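# Architecture at a glance
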Amino acid sequence: MQQPLIFDIKRYAINDGPGIRLTIFFKGCPLSCAWCHNPESISAKQQKLFTKSKCIGCGECVKVCPLGAMTMTAVSPVTDPLKCQLCGECAEVCPTRAIEMSGRHYQIAELMEIVEKERPFFAQSEGGVTISGGEPLLHPDYLLRLLRACGEQHIHRAVDTSGFCSPEILLEVAKHTDLFLYDLKMIDDGLHRRFTGVSNRRILDNLQLLAVSGAQITLRIPVIGGVNADAGSASAIADFVAGLEGGARDVHLLPYHGVAAGKHLKLGGQYDEGLMREPSTEELKRFGSCFAARGLGVVVGG
Ligand code: SF4
Ligand code: SF4
(Lines give C-alpha, C1' and ligand atoms only; values in the text may rest on other atoms or scores of the structure.)
(Ligands and ions follow the chains in the order given, each with its own letter.)
Protein backbone atom coordinates (compact mmCIF):
# COMPACT_ATOMS: atom_id res chain seq x y z
CA MET A 1 0.00 0.00 0.00
CA GLN A 2 1.36 3.39 -0.94
CA GLN A 3 1.91 5.54 2.11
CA PRO A 4 1.87 9.32 1.75
CA LEU A 5 4.53 11.61 3.09
CA ILE A 6 3.29 14.08 5.66
CA PHE A 7 4.77 17.55 5.49
CA ASP A 8 3.21 19.21 8.51
CA ILE A 9 1.11 18.49 11.59
CA LYS A 10 -0.42 21.67 12.92
CA ARG A 11 -1.66 21.84 16.50
CA TYR A 12 -4.30 24.29 17.76
CA ALA A 13 -5.60 24.95 14.25
CA ILE A 14 -8.73 27.10 14.44
CA ASN A 15 -9.49 27.63 10.75
CA ASP A 16 -9.73 24.04 9.59
CA GLY A 17 -13.17 23.06 10.84
CA PRO A 18 -15.07 23.43 14.12
CA GLY A 19 -13.26 23.94 17.43
CA ILE A 20 -9.58 23.40 18.03
CA ARG A 21 -8.10 20.96 15.57
CA LEU A 22 -5.05 18.96 14.76
CA THR A 23 -4.43 19.32 11.03
CA ILE A 24 -2.40 16.68 9.24
CA PHE A 25 -1.06 17.65 5.83
CA PHE A 26 -0.40 14.99 3.18
CA LYS A 27 2.06 15.64 0.37
CA GLY A 28 0.96 15.28 -3.23
CA CYS A 29 -1.70 17.15 -5.18
CA PRO A 30 -3.08 16.69 -8.72
CA LEU A 31 -3.69 20.46 -8.95
CA SER A 32 -1.03 23.13 -9.12
CA CYS A 33 -2.94 26.28 -8.15
CA ALA A 34 -1.08 29.44 -9.05
CA TRP A 35 -1.76 30.87 -5.55
CA CYS A 36 -0.95 27.71 -3.55
CA HIS A 37 0.11 28.66 -0.01
CA ASN A 38 1.83 25.32 0.50
CA PRO A 39 3.84 24.71 -2.66
CA GLU A 40 5.72 21.91 -0.89
CA SER A 41 2.39 20.05 -0.82
CA ILE A 42 2.22 19.68 -4.61
CA SER A 43 5.00 17.12 -5.07
CA ALA A 44 4.34 13.77 -3.41
CA LYS A 45 8.08 13.35 -2.93
CA GLN A 46 10.33 14.53 -0.13
CA GLN A 47 11.89 17.96 -0.73
CA LYS A 48 14.62 20.05 0.79
CA LEU A 49 13.78 23.60 1.90
CA PHE A 50 16.35 26.31 2.44
CA THR A 51 15.72 29.62 4.24
CA LYS A 52 18.55 31.92 3.29
CA SER A 53 17.80 34.45 6.01
CA LYS A 54 18.40 31.81 8.70
CA CYS A 55 21.79 30.68 7.34
CA ILE A 56 24.81 31.81 9.37
CA GLY A 57 27.32 30.46 6.86
CA CYS A 58 28.92 27.91 9.21
CA GLY A 59 29.48 25.38 6.42
CA GLU A 60 28.48 22.33 8.51
CA CYS A 61 26.04 21.17 5.84
CA VAL A 62 28.73 21.21 3.16
CA LYS A 63 31.09 19.17 5.35
CA VAL A 64 28.57 16.49 6.21
CA CYS A 65 27.08 15.80 2.77
CA PRO A 66 28.17 12.27 1.81
CA LEU A 67 27.70 12.94 -1.89
CA GLY A 68 29.49 16.28 -2.15
CA ALA A 69 26.24 17.80 -3.36
CA MET A 70 26.72 21.10 -1.52
CA THR A 71 29.20 23.89 -2.07
CA MET A 72 29.71 27.10 -0.16
CA THR A 73 29.44 30.41 -1.94
CA ALA A 74 30.31 33.81 -0.52
CA VAL A 75 26.82 34.18 0.89
CA SER A 76 25.33 30.73 1.48
CA PRO A 77 25.53 27.06 0.50
CA VAL A 78 24.05 25.81 -2.73
CA THR A 79 22.84 22.30 -3.49
CA ASP A 80 23.39 20.48 -6.76
CA PRO A 81 19.98 18.86 -7.35
CA LEU A 82 21.53 16.30 -9.69
CA LYS A 83 23.77 14.97 -6.92
CA CYS A 84 21.51 15.38 -3.88
CA GLN A 85 19.74 12.18 -2.83
CA LEU A 86 17.68 13.87 -0.09
CA CYS A 87 19.29 11.89 2.72
CA GLY A 88 18.64 14.79 5.11
CA GLU A 89 22.05 14.77 6.80
CA CYS A 90 22.62 18.45 6.02
CA ALA A 91 19.33 19.34 7.70
CA GLU A 92 20.26 17.30 10.77
CA VAL A 93 23.46 19.25 11.37
CA CYS A 94 22.20 22.71 10.48
CA PRO A 95 22.24 24.64 13.78
CA THR A 96 19.66 27.23 12.71
CA ARG A 97 17.20 25.02 10.81
CA ALA A 98 17.98 26.96 7.66
CA ILE A 99 17.73 23.57 5.94
CA GLU A 100 14.62 21.48 6.51
CA MET A 101 13.40 18.30 4.88
CA SER A 102 9.73 18.40 3.91
CA GLY A 103 7.86 15.12 4.11
CA ARG A 104 8.19 12.02 6.25
CA HIS A 105 6.31 8.78 6.69
CA TYR A 106 4.21 8.12 9.78
CA GLN A 107 2.64 4.86 10.79
CA ILE A 108 -1.06 5.24 11.64
CA ALA A 109 -0.34 4.26 15.26
CA GLU A 110 2.29 7.01 15.45
CA LEU A 111 -0.20 9.59 14.19
CA MET A 112 -2.82 8.35 16.63
CA GLU A 113 -0.41 8.88 19.52
CA ILE A 114 -0.10 12.52 18.44
CA VAL A 115 -3.88 12.78 18.02
CA GLU A 116 -4.45 11.30 21.48
CA LYS A 117 -2.44 14.08 23.13
CA GLU A 118 -4.81 16.69 21.66
CA ARG A 119 -7.96 15.09 23.02
CA PRO A 120 -8.41 17.54 25.94
CA PHE A 121 -8.48 20.44 23.45
CA PHE A 122 -10.93 18.62 21.20
CA ALA A 123 -13.18 17.93 24.18
CA GLN A 124 -13.16 21.55 25.37
CA SER A 125 -13.86 23.02 21.95
CA GLU A 126 -15.80 20.32 20.06
CA GLY A 127 -12.82 20.13 17.74
CA GLY A 128 -11.10 17.18 16.15
CA VAL A 129 -8.75 16.09 13.41
CA THR A 130 -8.57 17.65 9.95
CA ILE A 131 -6.78 15.88 7.15
CA SER A 132 -5.51 18.25 4.53
CA GLY A 133 -2.81 18.54 1.91
CA GLY A 134 -1.98 18.46 -0.84
CA GLU A 135 -4.89 16.22 -1.70
CA PRO A 136 -5.56 13.58 0.95
CA LEU A 137 -7.82 11.61 -1.40
CA LEU A 138 -4.77 10.79 -3.52
CA HIS A 139 -3.95 8.24 -0.81
CA PRO A 140 -7.30 6.59 -0.14
CA ASP A 141 -6.12 3.43 1.64
CA TYR A 142 -4.01 5.30 4.17
CA LEU A 143 -6.61 8.04 4.53
CA LEU A 144 -9.36 5.51 5.24
CA ARG A 145 -7.23 3.76 7.84
CA LEU A 146 -6.58 7.07 9.59
CA LEU A 147 -10.24 8.09 9.43
CA ARG A 148 -11.35 4.73 10.81
CA ALA A 149 -8.80 4.95 13.63
CA CYS A 150 -10.11 8.41 14.59
CA GLY A 151 -13.69 7.19 14.30
CA GLU A 152 -13.00 4.31 16.68
CA GLN A 153 -11.87 6.92 19.21
CA HIS A 154 -14.99 9.05 18.55
CA ILE A 155 -12.89 11.93 17.26
CA HIS A 156 -14.51 14.40 14.85
CA ARG A 157 -13.00 14.02 11.38
CA ALA A 158 -12.80 16.69 8.69
CA VAL A 159 -11.26 16.17 5.25
CA ASP A 160 -10.06 19.16 3.26
CA THR A 161 -10.26 18.31 -0.44
CA SER A 162 -10.05 19.80 -3.91
CA GLY A 163 -12.63 17.21 -4.97
CA PHE A 164 -10.38 16.09 -7.82
CA CYS A 165 -10.64 12.35 -7.29
CA SER A 166 -12.69 9.36 -8.37
CA PRO A 167 -16.34 9.51 -7.26
CA GLU A 168 -16.13 5.98 -5.85
CA ILE A 169 -13.24 6.95 -3.57
CA LEU A 170 -15.00 10.14 -2.51
CA LEU A 171 -18.16 8.28 -1.50
CA GLU A 172 -16.18 5.64 0.38
CA VAL A 173 -14.26 8.35 2.26
CA ALA A 174 -17.57 10.10 2.99
CA LYS A 175 -18.70 7.09 5.05
CA HIS A 176 -15.89 7.83 7.51
CA THR A 177 -15.88 11.64 7.40
CA ASP A 178 -17.94 13.98 9.57
CA LEU A 179 -17.27 17.13 7.55
CA PHE A 180 -15.78 17.96 4.17
CA LEU A 181 -13.98 21.25 3.66
CA TYR A 182 -14.51 21.41 -0.09
CA ASP A 183 -12.49 23.88 -2.14
CA LEU A 184 -14.43 25.56 -4.93
CA LYS A 185 -12.35 27.92 -7.00
CA MET A 186 -14.25 28.86 -10.11
CA ILE A 187 -16.95 27.58 -12.43
CA ASP A 188 -15.41 28.55 -15.79
CA ASP A 189 -13.49 25.50 -16.95
CA GLY A 190 -11.00 27.42 -19.10
CA LEU A 191 -10.11 29.68 -16.19
CA HIS A 192 -9.82 26.68 -13.88
CA ARG A 193 -7.46 24.91 -16.27
CA ARG A 194 -5.38 28.05 -16.62
CA PHE A 195 -4.92 28.67 -12.91
CA THR A 196 -4.92 25.14 -11.48
CA GLY A 197 -3.69 22.99 -14.35
CA VAL A 198 -6.81 20.76 -14.44
CA SER A 199 -10.43 20.84 -15.58
CA ASN A 200 -13.03 21.43 -12.89
CA ARG A 201 -15.67 19.11 -14.38
CA ARG A 202 -14.89 16.26 -12.04
CA ILE A 203 -14.68 18.66 -9.08
CA LEU A 204 -18.13 20.11 -9.76
CA ASP A 205 -19.65 16.68 -10.46
CA ASN A 206 -18.16 15.30 -7.25
CA LEU A 207 -19.49 18.23 -5.24
CA GLN A 208 -22.99 17.57 -6.55
CA LEU A 209 -22.59 13.88 -5.77
CA LEU A 210 -21.42 14.61 -2.25
CA ALA A 211 -24.30 17.03 -1.69
CA VAL A 212 -26.81 14.39 -2.84
CA SER A 213 -25.20 11.85 -0.47
CA GLY A 214 -26.11 14.07 2.49
CA ALA A 215 -22.50 14.62 3.57
CA GLN A 216 -21.76 17.67 5.70
CA ILE A 217 -19.91 20.18 3.54
CA THR A 218 -18.30 23.53 4.22
CA LEU A 219 -17.35 25.25 0.98
CA ARG A 220 -14.08 27.13 0.91
CA ILE A 221 -13.71 29.65 -1.87
CA PRO A 222 -10.45 31.50 -2.43
CA VAL A 223 -11.23 35.03 -3.59
CA ILE A 224 -8.41 36.25 -5.78
CA GLY A 225 -8.28 39.70 -7.33
CA GLY A 226 -7.49 39.44 -11.04
CA VAL A 227 -8.67 35.80 -11.16
CA ASN A 228 -12.16 35.11 -9.75
CA ALA A 229 -13.15 38.21 -7.77
CA ASP A 230 -15.13 39.73 -10.65
CA ALA A 231 -18.93 39.91 -10.61
CA GLY A 232 -19.36 37.20 -13.27
CA SER A 233 -17.24 34.64 -11.44
CA ALA A 234 -18.87 35.41 -8.08
CA SER A 235 -22.39 35.03 -9.54
CA ALA A 236 -21.49 31.77 -11.28
CA ILE A 237 -20.12 30.27 -8.04
CA ALA A 238 -23.09 31.49 -6.00
CA ASP A 239 -25.53 30.05 -8.59
CA PHE A 240 -23.78 26.70 -8.46
CA VAL A 241 -23.78 26.58 -4.66
CA ALA A 242 -27.43 27.68 -4.45
CA GLY A 243 -28.35 24.86 -6.84
CA LEU A 244 -26.75 22.11 -4.75
CA GLU A 245 -29.03 19.43 -3.34
CA GLY A 246 -29.80 19.96 0.32
CA GLY A 247 -29.88 23.76 0.27
CA ALA A 248 -27.65 26.16 2.15
CA ARG A 249 -24.11 25.24 3.08
CA ASP A 250 -21.54 27.02 5.18
CA VAL A 251 -19.51 29.10 2.77
CA HIS A 252 -16.13 30.49 3.75
CA LEU A 253 -14.47 33.10 1.56
CA LEU A 254 -10.69 33.02 1.77
CA PRO A 255 -9.21 36.31 0.54
CA TYR A 256 -5.95 35.85 -1.35
CA HIS A 257 -2.75 37.21 0.13
CA GLY A 258 0.69 36.76 -1.34
CA VAL A 259 2.26 34.80 1.53
CA ALA A 260 3.34 31.96 -0.74
CA ALA A 261 6.36 33.86 -2.07
CA GLY A 262 8.58 32.92 0.90
CA LYS A 263 7.83 29.21 0.56
CA HIS A 264 8.53 29.20 -3.17
CA LEU A 265 11.90 30.75 -2.40
CA LYS A 266 12.61 28.04 0.19
CA LEU A 267 12.01 25.45 -2.53
CA GLY A 268 14.48 27.22 -4.77
CA GLY A 269 11.80 28.57 -7.12
CA GLN A 270 10.27 31.91 -7.88
CA TYR A 271 6.72 33.00 -7.21
CA ASP A 272 5.11 34.73 -10.15
CA GLU A 273 2.10 36.64 -8.83
CA GLY A 274 1.13 37.61 -12.36
CA LEU A 275 -2.31 39.16 -12.31
CA MET A 276 -3.12 37.85 -8.82
CA ARG A 277 -3.66 40.37 -6.05
CA GLU A 278 -5.55 40.73 -2.79
CA PRO A 279 -9.25 41.32 -3.43
CA SER A 280 -10.45 44.81 -2.66
CA THR A 281 -13.04 45.44 0.06
CA GLU A 282 -15.59 46.12 -2.70
CA GLU A 283 -14.83 42.82 -4.41
CA LEU A 284 -15.26 40.89 -1.16
CA LYS A 285 -18.51 42.73 -0.42
CA ARG A 286 -19.78 41.94 -3.90
CA PHE A 287 -18.93 38.28 -3.43
CA GLY A 288 -20.88 38.25 -0.18
CA SER A 289 -23.81 40.06 -1.81
CA CYS A 290 -23.98 37.49 -4.61
CA PHE A 291 -24.45 34.76 -2.02
CA ALA A 292 -26.84 36.81 0.12
CA ALA A 293 -29.02 37.47 -2.95
CA ARG A 294 -29.49 33.69 -3.23
CA GLY A 295 -30.26 33.27 0.45
CA LEU A 296 -26.78 32.03 1.35
CA GLY A 297 -24.63 33.46 4.14
CA VAL A 298 -20.86 33.66 3.96
CA VAL A 299 -18.07 33.92 6.48
CA VAL A 300 -14.87 35.70 5.50
CA GLY A 301 -11.89 33.61 6.61
CA GLY A 302 -11.78 30.14 8.12
S1 SF4 B 1 20.11 15.98 1.60
FE2 SF4 B 1 21.89 14.60 1.81
S3 SF4 B 1 22.65 14.39 -0.29
FE4 SF4 B 1 21.30 16.18 -0.28
S5 SF4 B 1 22.65 17.91 0.06
FE6 SF4 B 1 21.86 17.28 2.09
S7 SF4 B 1 23.41 15.88 2.87
FE8 SF4 B 1 23.79 16.07 0.68
S1 SF4 C 1 24.59 24.29 8.25
FE2 SF4 C 1 22.82 25.66 8.09
S3 SF4 C 1 23.55 27.63 8.90
FE4 SF4 C 1 25.39 26.38 8.44
S5 SF4 C 1 25.94 26.97 6.31
FE6 SF4 C 1 24.63 25.17 6.17
S7 SF4 C 1 22.56 26.05 5.90
FE8 SF4 C 1 23.86 27.69 6.66
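Keep in mind it's a predicted model, so treat the numbers as computed, not measured.

Let us look at the sheet that holds strand S1 (residues 6–13). With respect to topology, eight strands assemble into an open sheet ordered S1-S2-S7-S8-S9-S10-S11-S12, the strand pairing being mixed. Edge positions in the sheet fall to S1 and strand S12 (299–300), since each of these pairs with one other strand and no more. Relative to strand S7 (residues 128–132), strand S2 (residues 21–26) runs parallel, the two being bridged by five bridges. Paired with Leu22 across the bridge in S7 is Val129.

Tracing the backbone shows Gly243 in the loop between helix H9 (231–242) and strand S11 (250–255). Between the alpha carbons of Gly243 and Ser233 there is a distance of 15 Å; along the sequence they are 10 residues apart.

Attention now goes to the domain arrangement of the protein. If you check the domain split of the protein, you get domain 1 (6–44 + 104–300) and domain 2 (51–101). Relative placement of domain 1 and domain 2: their C-alpha centres are 34 Å apart.

Let us look at the side chain of Ser76. Relative to the elements of secondary structure, Ser76 occurs in the loop between strand S4 (70–72) and strand S5 (77–79). The residues contacting Ser76, other than those within four sequence positions of it, are Phe50, Lys52, Cys55 and Thr71.

A few words on the site of ligand 2. By nearness alone, 15 residues border ligand 2, and Cys55, Cys58, Gly59, Cys61 and Cys94 come closest of all. For the shell around ligand 2, a count of residues per class yields 11 nonpolar, three polar and one charged.

On to the pairing of S7. In terms of burial, S7 is largely enclosed, as five of its five residues are buried. Where S7 lies against strand S8 (residues 156–161), four bridges are found, and the strand directions are parallel. In the sheet register, Ile131 faces S8, and the bridge partner there is Val159. Crossover connection from S7 via helix H5 (residues 140–152) to parallel S8: handedness right-handed.

Right, let's talk about the nonpolar core for a bit. Most often, soluble globular proteins have nonpolar side chains that are buried together. By size, the foremost hydrophobic cluster in this structure holds 69 residues, and its most contacted members are Ile24, Trp35, Leu146, Leu184, Leu219 and Phe291. Per-element tally for this core: the top contributor is H5, with seven residues. Apart from the residues lying within four places of it in its own chain, the contact partners of Leu146 are Ile24, Phe26, Ile108, Leu111, Met112 and Ile131. Counting residues in each nonpolar core, the second largest holds 10 residues, with Cys65, Met70, Cys94 and Ile99 among its members.

Further remarks concern the packing of H5 against helix H6 (residues 167–174). Helix-helix packing is characterised by the crossing angle of the two axes and by the distance between the axes. Put simply, H5 and H6 touch, their axes get as near as 10 Å, and they point 10° apart. In terms of axis orientation, H5 runs roughly parallel to H6. Along the contact surface, H5 presents Pro140, Leu143, Leu144, Leu147 and Arg148, while H6 presents Ile169, Glu172 and Val173. Each residue belonging to the contact of H5 with H6 can be placed in one class, and the counts come to six nonpolar, no polar and two charged.

Here we take up the site of ligand 1. In the region of ligand 1, 14 residues are neighbours, and Lys48, Cys65, Cys84, Cys87 and Cys90 sit closest. Of the residues assigned to the shell around ligand 1, the class counts are nine nonpolar, three polar and two charged.

Glancing now at the packing of helix H3 (residues 108–117) against H5. H5 packs onto H3 with a crossing angle of 40° between their chain directions and a minimal axis gap of 10 Å. When the axes of H3 and H5 are compared, the pair comes out oblique. As for how H3 packs across H5, the hand of that crossing is right-handed. Along the contact surface, H3 presents Ile108, Leu111 and Met112, while H5 presents Tyr142, Arg145, Leu146, Ala149 and Cys150. Tallied by class, residues from the contact of H3 with H5 come to seven nonpolar, no polar and one charged.

Looking now at H5. Here H5 contains 13 residues, and its C-alpha end-to-end distance of 18 Å stays within 8% of the 18 Å for a straight helix at 1.5 Å per residue. Turning to H5, its buried residues are Pro140, Tyr142, Leu143, Leu144, Leu146, Leu147, Ala149 and Cys150.

Reading the values: the criteria
Residues numbered from 1 in each chain as written. Chains lettered and ligands numbered in written order. Predicted model: local features only at pLDDT ≥ 70, side-chain atom pairs only at ≥ 80, totals over all residues. Heavy atoms only, no water. Pairing = 2+ DSSP bridges. Helix = DSSP H or I, 4+ residues; strand = E, 2+ residues; numbered from the N terminus. Domains from an automatic or database assignment. Contact = heavy atoms within 4.5 Å. Near = heavy atom within 4 Å. Nonpolar A, V, L, I, M, F, W, Y, C, P; charged D, E, K, R; others polar. Buried < 20%, exposed > 50% of the residue type's maximum accessible area, 1.4 Å probe, protein only. Right-handed = clockwise from strand over helix to strand, strands pointing away. Core = buried A, V, L, I, M, F, W, Y, C linked by side-chain atoms within 4.5 Å. Axes fitted to C-alpha atoms, helices over the stretch in contact; angles between N-to-C directions. Parallel < 35°, antiparallel > 145°, perpendicular 65-115°, else oblique. Left-handed = near helix turned anticlockwise from the far one by under 90°. Expected span 1.5 Å × (residues − 1).

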